[in-house]
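# Structural overview for review
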Amino acid sequence: MSGLSDHWAGLSPVAQQFWIAVLKVAVIFNVLLGLFSFMTYAERRLLAFMQFRLGPNRTGPFGVLQPIADGIKLFFKEEVIPEGANRWVFVAAPAVAVVAAFLSIAVVPYGGPGLFQIADLEVGILYLFAISSLGVYAIVMAGWAANNKFTMLGGLRSAAQMFSYELALGLSWVGLIMLAGSFRIQDIVTAQKGGLGLLNWFCVVQFPAFIVYLIAATAEVNRTPFDLPEAETELVAGFHTEYSSMRFALLQMAEYVNMITVAAVGTSLFLGGWLSPLPLLPDSPLWFFVKFGLLLFFFIWLRGTLPRFRYDQLMHFGWKVLVPVATLWILVTAGLVTAGVPGFRR
Amino acid sequence: MELFEAILFYVFAGLSLLSAVVMVAQRNPLYSAFALLVTICSLSAIFGLLGSPFIAALQIVVYAGAIMVLFLFVLMLLRVGREEPEPGRQRVLKTVAIGLGALLLAQLGAVIAGIRPQVARGFDASTRSMARVLFSPQYVYVFEATSILIVGALVGAVVLARKEP
């Protein structure tokens, strides 16, 4: 052990930085993988309880080993690539989906500055926006490459949907940027610090933006009530109809990691990240994980509660309700910031 | 650190050039679109290395995230296939291409011959300083005029796409 620490001290600062970064990436990557498999289990169990069923409860105590069994099953399944498919694009799509999903989490802070974040980018919030807009490619590619009408329709629907709701998503962040005076996510978290504890958080101060974010984020990650790209009753399984085996698992993984990301981002931007809800309690990364867990539960709860939108309703709602509300709220926030209203001062 | 940055720079510079060549040489428009996407992402990485994360992010948001998705969307919706060269026009096109290429090469050569190496002065490319320049009296009117132009284009698109009542 002492040999290792001697070796560490002998490294140049640049090399130390490099290894710390590698370690952080490795840890967070593996935690995300674990969280993904746990979420598949948690979602099935929770949905089952909401619908008066039992859900998977046979593999291990309470069925917690179910994700492992699923993983093994998917590993040994036959890989089918349709004959008319464009091989290259078909194979690339799941990889693009997973890469885009895993990239966004890099800028989310789960603790104070320093160790608790992979990259504290100056333009963190823009980076998030950029990566989330890349996620569309995977779905369009997957939908097109399979050479199947259902996947094609699913892919096109999904692209249109993500386009429309990305706009509202981005607009819901503008107020926060104005209040924090920075694109840096760490600055946005610390801007929510104040004497009132959780009343200082942006989910209170920027309440309309928070609602817009929740709705747009749900649509952005294709979850019920906005899961039209994979509406079983109309499109078989949408863009991933033709996928099987591990490629299917990769697409599923991308969806879950996207959900985990929007929950983590929502926690940082609107729920005060790692700040404590009461002024008396100390701030700690623990708070981040509590709020993050609640948001994840919220997404599952939503799926158990709401029916799916119709496609025209979805488009109407996105463009004629969400975008105008978000835009109006930006004007209101800008006015309040300029007037120097308490709580809206920078 | 400098060596590290230099390596990254050459990797992304090479990638952007290579994908740009692929984009032009490719007969399948869909693959061209993907190649252009790689070019855009490499350019964004280069902007990042030059210390301007704002431009780097905008490059992805605007070009990769919005414009290229639309391109791809249309290509896939219309099922555009491989482009086959037309035999008759080929000779004319080739002559014109060679002529223009030679002109471009000559210009490039002239520029490279005229370069006198000079160390660039320290330049602040952060978001804050960029915003200061963009919204300074020098540029703010141009900025506003551009936004009016974009709104005009939007209104035009809606009017054209609207069904007759």
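Cut-off values and rules
Per chain, residues are indexed from 1 in the order of the written sequence. Working convention: letters from A go to chains and numbers from 1 go to ligands, in the order in which they are written. Residue-level local features of this predicted model are given only where pLDDT is at least 70; pairs of side-chain atoms are given and counted only at 80 or more, and the full residue set underlies all totals for whole chains, interfaces and linings. The side-chain quantities take in all heavy atoms of the structure and omit both hydrogens and water. Values of pLDDT, ranging from 0 to 100, describe the predictor's confidence in every residue of the model. For helices the rule is a DSSP run of H or I covering at least 4 residues; for strands it is a run of E covering at least 2, with both sets numbered from the N terminus onward. Between the N-to-C directions of two axes lies an angle of 0 to 180 degrees, each axis being a line fitted to C-alpha atoms and, for a helix, fitted only over the stretch in contact. Comment on the angle field: the value is read as roughly parallel under 35 degrees, roughly antiparallel over 145, roughly perpendicular from 65 to 115, and oblique elsewhere. Each crossing gets its hand from how the near helix is turned against the far one by less than a right angle, where anticlockwise is left-handed and clockwise is right-handed. Note on definitions: a residue-residue contact is assigned when non-hydrogen atoms from the two residues lie within 4.5 Å. Expected span, for any helix, means 1.5 Å times one less than how many residues it has. The angle between axes fitted to the seven residues ending at a residue and the seven residues starting there is what we call the bend at that residue. Residue burial is assigned from relative accessible area. The probe radius is 1.4 Å, only protein chains are included, and a residue is buried under 20% of its type maximum, exposed over 50%, and partly exposed in between. Whenever a nitrogen or oxygen atom comes within 3.5 Å of another N or O atom, the pair is scored as a polar contact, on the condition that within protein one atom can donate a hydrogen and the other can accept it, and that pairs from neighbouring residues in sequence are kept only if both atoms are in side chains. Two parts placed together each lose some accessible area under a 1.4 Å probe, and adding up what both lose gives the buried area. When a carboxyl oxygen of Asp or Glu lies within 4 Å of a side-chain nitrogen of Lys or Arg, that pair is called a salt bridge. Each residue gets one label: Ala, Val, Leu, Ile, Met, Phe, Trp, Tyr, Cys and Pro are nonpolar, Asp, Glu, Lys and Arg are charged, and the others, such as Gly, are polar. Domain start and stop positions are those given by an automatic or database domain assignment. Each patch groups residues whose relative accessible area exceeds 30% and which form no salt bridge, using 9 Å between like charges and 5 Å between nonpolar side chains of Val, Leu, Ile, Met, Phe, Trp and Tyr. The Shrake-Rupley method, run with a 1.4 Å probe sphere, supplies the accessible areas, and residue values consider only the shown protein chains as cover.

### A closer look at the confidence of the model for chain B
All names here are of chain B. When pLDDT is averaged across chain B, the result is 85; 96% of the residues are at 70 or more. Put simply, helix 5 (residues 127–134) is where chain B has its lowest mean pLDDT, 83, and helix 6 (residues 137–161) is where it has its highest, 91. Complex prediction metrics read pTM 0.84 and ipTM 0.78.

### Describing the packing of helix 1 (residues 2–25) of chain B against helix 2 (residues 29–49) of chain B
Residues and elements named next belong to chain B. One way to put it is that helix 1 packs onto helix 2 with a least axis distance of 8 Å and a crossing angle of 155°. With respect to their mutual orientation, helix 1 and helix 2 come out roughly antiparallel. Taken as a pair, helix 1 and helix 2 cross one another with a handedness that is left-handed. Mapping the contact onto sequence places E5, L8, F9, F12, A13, L15, S16, S19, A20, V22 and M23 in helix 1 and S32, A35, L36, V38, T39, S42, A45, I46 and L49 in helix 2.

### Thoughts on helix 4 (residues 87–104) of chain A
In this model helix 4 of chain A runs 27 Å from its N-terminal to its C-terminal C-alpha over 18 residues, within 8% of the 26 Å that 1.5 Å per residue would give. By the largest-angle criterion, A93 of chain A marks the main kink of helix 4 of chain A, which is about 30°, and a proline, P94 of chain A, follows within four residues. Of all the residues in helix 4 of chain A, the buried ones are V89, F90, A93, P94, A97, V98, A100, A101, F102 and S104 of chain A. Structurally, helix 4 of chain A contributes buried residues whose contacts are with helix 2 (13–50), helix 5 (124–145) and helix 11 (245–270) of chain A together with helix 2 of chain B.

### Quick word on the environment of V22 of chain B
Within the secondary structure, V22 of chain B is located in helix 1. For V22 of chain B and S44 of chain B, which are 22 residues apart along the polypeptide, the C-alpha to C-alpha distance reads 18 Å.

### Focus on the side chain of S16 of chain B
All names here are of chain B. Take S16: it is sitting in helix 1. For S16, a relative accessible area of 9% translates into the label buried. Within the structure, the side chain of S16 is placed 2.8 Å from the backbone oxygen of A13, a separation counted as a polar contact. S16 has contacts with T39, S42 and I46, leaving out every residue within four places of it along the chain.

### Some details on the interface of chain A and chain B
The partner chain B presents 24 residues to the 24 residues of chain A that form the contact. Considering only the side of chain A, the residues that lose the most area to chain B are Y137, W144 and F163 of chain A, jointly responsible for 27% of the buried surface there. Here chain A is connected to chain B by zero salt bridges. Counting every contact that joins chain A to chain B gives three residue pairs in polar contact (both at pLDDT 80 or more). Put simply, the parts of the chain that give the side of chain A that touches chain B at least two residues each are helix 2, helix 5 and helix 6 (149–180) of chain A. The element best represented in the side of chain A that touches chain B is helix 5 of chain A, accounting for ten residues. The class makeup of the residues in the side of chain A that touches chain B is 18 nonpolar, five polar and one charged.

### Description of the domain arrangement of chain B
Residue and element names in this part refer to chain B. Each assigned domain of chain B is listed with its residue range as follows: domain 1 (1–81) and domain 2 (118–165). Of the residues lining the interface, four residues belong to domain 1; the matching set on domain 2 comes to four residues. Interface area for domain 1 against domain 2, summed over the two sides, is near 330 Å², with a carbon-plus-sulfur share of 73%. Scanning the region where domain 1 abuts domain 2 turns up zero salt bridges.

### Considerations on a nonpolar patch on the surface
A grouping of W8, F18, W19, I20, V22, L115 and F116 of chain A together with F4 of chain B is seen on the molecular surface, where their side chains present a nonpolar patch of about 750 Å² in accessible area. With four residues, helix 2 of chain A is the single largest residue contributor to the nonpolar patch. Inspection of the secondary structure puts W19 of chain A in helix 2.

### A look at the environment of S158 of chain A
All names here are of chain A. The residue S158 is located in helix 6 in this model. On the basis of relative accessibility, which here comes to 0%, the residue S158 falls in the buried class. Note: C-alpha distance between S158 and T327 (169 residues apart in sequence) is 24 Å.

### Some words on the pattern of salt bridges
All names here are of chain A. Using the criterion set out here, one finds five salt bridges over all chains in the structure. The partner of R303 in a salt bridge is E43, with the nearest N and O atoms 3.0 Å apart. Here E43 lies in helix 2 and R303 lies in helix 12 (residues 285–305), a separation of 260 residues in the sequence. Under the relative-accessibility criterion, E43 is labelled buried at 1%. For R184, the salt bridge identified is with D187, shortest N-O distance 3.7 Å. Among the charged side chains, a network of salt bridges with common partners joins D120, R184 and D187.

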